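# Survey of secondary and tertiary structure
One letter stands for each residue in the lines below.
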Amino acid sequence: DPVNSVPHPGEPLPEGQWLPIDRGHRVWWCEGGDPCGLPVLIVHGGPGGRSRPEPGRWFAGLPVRWLVIDQRGC
């Protein structure tokens, strides 16, 4: 269950999913951490970049539920 995963170094990360939006576009997203924890949104910076699940490791062992989402068009 990706939501219950705690991404410690060396452990596999959730793969994420694609969310269909409008006119054939889709946005990638991924979540993990403590399902009852404080919600944290992780976004990438700058144009031309992309989101990855690796930043979820920053919250390993903390009581947070993290969500990584791409910006539309990235």
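Going by the structure above, here's the rest.
As for its placement among the helices and strands, Asp70 is situated in the segment after strand S4 (64-69). On the accessibility criterion, Asp70 (9% relative accessible area) is buried. Among residues more than four places away in sequence, those in contact with Asp70 are Val27, Trp28, His44, Arg50 and Ser51.

Inspection of the secondary structure puts Val40 in strand S3 (residues 38-43). Sequence separation between Val40 and Leu67 is 27 residues; the distance between their C-alpha atoms is 6.2 Å. Not counting residues within four places of it along the chain, the set of residues in contact with Val40 comprises Phe59, Val64, Arg65, Trp66 and Leu67.

This next bit is on the pattern of salt bridges. For the structure shown, the criterion picks out 1 salt bridge. Two residues, Glu31 and Arg65, come together in a salt bridge whose shortest N-O distance is 2.7 Å. Residue Glu31 is found in strand S2 (residues 26-33), and its partner Arg65 is found in strand S4; the two are separated by 34 residues along the sequence. Judged by its relative accessible area of 17%, Glu31 falls in the buried class. Of the residues examined, Arg65 reaches a relative accessible area of 30% and is grouped as partly exposed.

What counts as what
Residues numbered from 1 in each chain as written. Predicted model: local features only at pLDDT ≥ 70, side-chain atom pairs only at ≥ 80, totals over all residues. Heavy atoms only, no water. Helix = DSSP H or I, 4+ residues; strand = E, 2+ residues; numbered from the N terminus. Buried < 20%, exposed > 50% of the residue type's maximum accessible area, 1.4 Å probe, protein only. Contact = heavy atoms within 4.5 Å. Salt bridge = Lys/Arg side-chain N within 4 Å of Asp/Glu carboxyl O.

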